[in-house]
There are 2 protein chains.
Amino acid sequence: MTGRAGTKGVPREERERQILDEAAAEFGTHGYAHASVAEIANRAGISKPLVYSYFESKDGLFLACLHRAGPPLVQAVAAAQHPVPGRQRAADTLAAIFTTLEPRPHDWSIVYDPTVPAGSPIEQQARKYRRALNRLGAVGVSEVLADVGGYDAKDESLLTQVWFGVVTAMVRWWQQHPAQTASDMIARSQRVIAAL
Amino acid sequence: MTGRAGTKGVPREERERQILDEAAAEFGTHGYAHASVAEIANRAGISKPLVYSYFESKDGLFLACLHRAGPPLVQAVAAAQHPVPGRQRAADTLAAIFTTLEPRPHDWSIVYDPTVPAGSPIEQQARKYRRALNRLGAVGVSEVLADVGGYDAKDESLLTQVWFGVVTAMVRWWQQHPAQTASDMIARSQRVIAAL
DNA sequence: CCTCGAATTGACTCTCGGGTAAGTTACCTC
DNA sequence: GAGGTAACTTACCCGAGAGTCAATTCGAGG
């Protein structure tokens, strides 16, 4: 933005962090396909080639965001699975997700970005994280369904997708109400779950 | 695809219907921003300029899809609102939605397409339909919340968003399992709702 | 059978965004 | 203070996709 070339004294590590933060926000709001690298550079106050010099490509940049977002989520959700009844387990899982997402709520949208090109390496990586989360979610789901009985495998798949639809909806709502803290969200989600 | 110009004897009205069908599928799967008019033309077995001669622009094409998708949904959902307890009302509403969506499940994704450019006329039109559906959904939501009490306006907004997240998740699941009929979906959704 | 309009196309332009080449500034070291 | 290197930029290339133009074929009236 200065118009002049030459270093500004910001070390690579710190710059990379700034870029990743802005990229996560941009990818999270517009999705991979709509996000523009130039816009990400703008937000970070630098120029496009610097982004390309640190991360090789748009894919590389997204992948870096993914690798920062995915593992903490998987780990937190796995740690939240205790043998308690369905509603409580759902609430615990949501609490773990909100806590993990506190620094960057957009990270969820990155893992569940529907606009990444099918078959691309980034889609495969995202799918790995999603599959891990899916497996964890399916446990709670089948437990809930088993209580009532009379269901088939497709019902299970449907309810799992509904569950992630619920999480996604809550996270998106959070993104639209950034003033809310993670604790606020946990409290709200508990009230909402109780109402069902 | 013939390679030759000249009429193929298909009257405008029928061609428009074909184009709209393919456009709905394409917009529904890839979203407005990713959908390519050339690809829509391909699927319909015609060339791009014909699409532009019937619908003026990509916006015009999307708008036509919107106007075919929105009103039936709003009307069906409105008609499904009876003064019954929360769970039952949700099931009724879902049944109305699935029935309306039977010919083209992608129509839901068109009304809720997150990739339409903000501020554009098509976004404003889509927002109108969404707002209508939202108002109807909010009635059921506030009723559900009132039963337990101790909630605020933000909780209401959150639960409304969650409700539409649930519907969207179910419709998306349907799109991935096209062999299911509307009746199948209604039965599944009822089982799932009962399990909560 | 001749013309007129509707249906239809190949081939073009223009813009936008990913990606690159080559150069510029500042600091650090000897 | 003369390199060398890390942090930066401007200016460009190129492919994809929206949108346009001029021509071509066919069927229906006179």
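Thresholds, definitions, all that
- Residues numbered from 1 in each chain as written.
- Chains lettered and ligands numbered in written order.
- Predicted model: local features only at pLDDT ≥ 70, side-chain atom pairs only at ≥ 80, totals over all residues.
- Heavy atoms only, no water.
- Least-squares fit on C-alpha atoms with pLDDT ≥ 70 in both.
- Contact = heavy atoms within 4.5 Å.
- UniProt positions renumbered as here; feature names shortened; annotations may be inferred.
- Helix = DSSP H or I, 4+ residues; strand = E, 2+ residues; numbered from the N terminus.
- Buried < 20%, exposed > 50% of the residue type's maximum accessible area, 1.4 Å probe, protein only.
- Near = heavy atom within 4 Å.
- Polar contact = N/O pair within 3.5 Å; in protein donor to acceptor, adjacent residues only side chain to side chain.
- Salt bridge = Lys/Arg side-chain N within 4 Å of Asp/Glu carboxyl O.
- Buried area = accessible area lost by both parts, 1.4 Å probe.
- Nonpolar A, V, L, I, M, F, W, Y, C, P; charged D, E, K, R; others polar.

Labelled according to an unreviewed UniProt entry, chain A appears under the name HTH tetR-type domain-containing protein, originating from Kutzneria albida DSM 43870.

Under the fitted operation, chain B is carried onto chain A by 0.0 Å of movement along the axis and a turn of 180°, and the coordinates agree to an RMSD of 0.0 Å. Accordingly, the operation relating the two chain copies is best matched by a two-fold axis. Taking C-alpha positions as the reference, the residue of chain B nearest the rotation axis is glycine 165 of chain B, at 2.6 Å. A high fraction, 100%, of the interface residues of chain B reappear at the interface in chain A, so the copies pair face to face through one surface.

Right, let's get into the UniProt feature "DNA-binding region" (unreviewed entry) in chain A. UniProt annotation of "DNA-binding region" (unreviewed entry) refers to residues 36-55 of chain A when read in the numbering used here. The span residues 36-55 of chain A is 75% helix and 0% strand, and its two end C-alpha atoms sit 14 Å from each other.

Next up on the list: the UniProt feature "domain: HTH tetR-type" (unreviewed entry) in chain A. Residues annotated by UniProt as "domain: HTH tetR-type" (unreviewed entry) correspond here to residues 13-73 of chain A. Across residues 13-73 of chain A, helical content stands at 87% and strand content at 0%; the span's end C-alpha atoms are separated by 23 Å.

Residues and elements named next belong to chain A. Position of tyrosine 32 among the secondary structure elements: in helix 1 (residues 12-34). The exposure class assigned to tyrosine 32 is buried, which follows from its relative accessible area of 8%. In the structure, tyrosine 32 is positioned 122 residues away from lysine 154 in sequence and 30 Å away in space, judged by C-alpha atoms. Residue contacts for tyrosine 32: discarding those within four places in its chain leaves Phe27, Lys58, Asp59, Phe62, Asp113, Thr115, Val116, Pro117 and Ile122.

Further remarks concern the protein's contact with DNA strand D. By nearness alone, 29 residues border DNA strand D, and Lys8 and Ser47 of chain A together with Arg4, Lys48 and Lys58 of chain B come closest of all. Counted by atom, the contact set of DNA strand D within 4 Å of the protein is 68% sugar and phosphate. Within the backbone of valine 10 of chain A, a nitrogen or oxygen atom sits 3.4 Å from a phosphate oxygen of DNA strand D. A distance of 3.2 Å is found between a phosphate oxygen of DNA strand D and a side-chain nitrogen or oxygen belonging to tyrosine 52 of chain B.

Near DNA strand C lie 28 residues; those nearest to it are Arg4 and Lys48 of chain A together with Lys8, Ser47 and Pro49 of chain B. A breakdown of the atoms of DNA strand C within 4 Å of the protein gives sugar and phosphate a share of 64%. The separation between a base oxygen of DNA strand C and a polar main-chain atom of threonine 7 of chain A is 3.4 Å. Between a phosphate oxygen of DNA strand C and a side-chain N or O atom of serine 47 of chain B, the distance comes to 2.7 Å. Sorting elements by how many residues they give to the surface near DNA strand C places helix 3 (residues 48-54) of chain B first, with four residues.

According to the stated counting rule, one finds 22 salt bridges over all chains in the structure shown. For the salt bridge of glutamate 22 of chain A with arginine 43 of chain A, the shortest nitrogen-to-oxygen distance reads 2.9 Å. With glutamate 22 of chain A in helix 1 and arginine 43 of chain A in helix 2 (residues 37-44), this residue pair connects regions lying 21 residues apart in the sequence. Taking the relative accessible area as the measure of exposure, arginine 43 of chain A reaches 37% and is therefore partly exposed. When the shortest N-O distance is used, the salt bridge between arginine 104 of chain A and aspartate 107 of chain A registers 3.0 Å. Residue class for aspartate 107 of chain A comes out buried when judged on its relative accessible area of 5%. Residues joined by salt bridges that share partners form a network here, namely Asp152 and Asp155 of chain A together with Arg188 and Arg191 of chain B.

So, about the interface of chain B and chain A. Facing 31 residues of chain B, the contacting portion of chain A comprises 31 residues. Where chain B abuts chain A, roughly 2,800 Å² becomes buried across the two surfaces, and 65% of that area is made up of carbon and sulfur atoms. When the buried area of chain B at its contact with chain A is split by residue, Leu158, Gln161 and Trp173 of chain B rank highest and sum to 21% of it. Summed over the shared surface of chain B and chain A, the number is six salt bridges. For aspartate 152 of chain A, the salt bridge goes to arginine 188 of chain B, with nearest N and O atoms at 2.9 Å. Taken together, chain B and chain A are joined by 10 residue pairs in polar contact (both at pLDDT 80 or more). Residue assignment for the side of chain B that touches chain A shows that the elements contributing at least two residues are helix 1 (12-34), helix 7 (121-148), helix 8 (153-176) and helix 9 (182-195) of chain B. Considering each element in turn, the side of chain B that touches chain A owes the most residues, 14 residues, to helix 8 of chain B. Split by residue class, the side of chain B that touches chain A holds 15 nonpolar, nine polar and seven charged.

Looking at where glycine 137 of chain B falls in the secondary structure, it is placed in helix 7. Spatially, the C-alpha atoms of glycine 137 of chain B and proline 114 of chain B are 19 Å apart, while their sequence positions differ by 23 residues.

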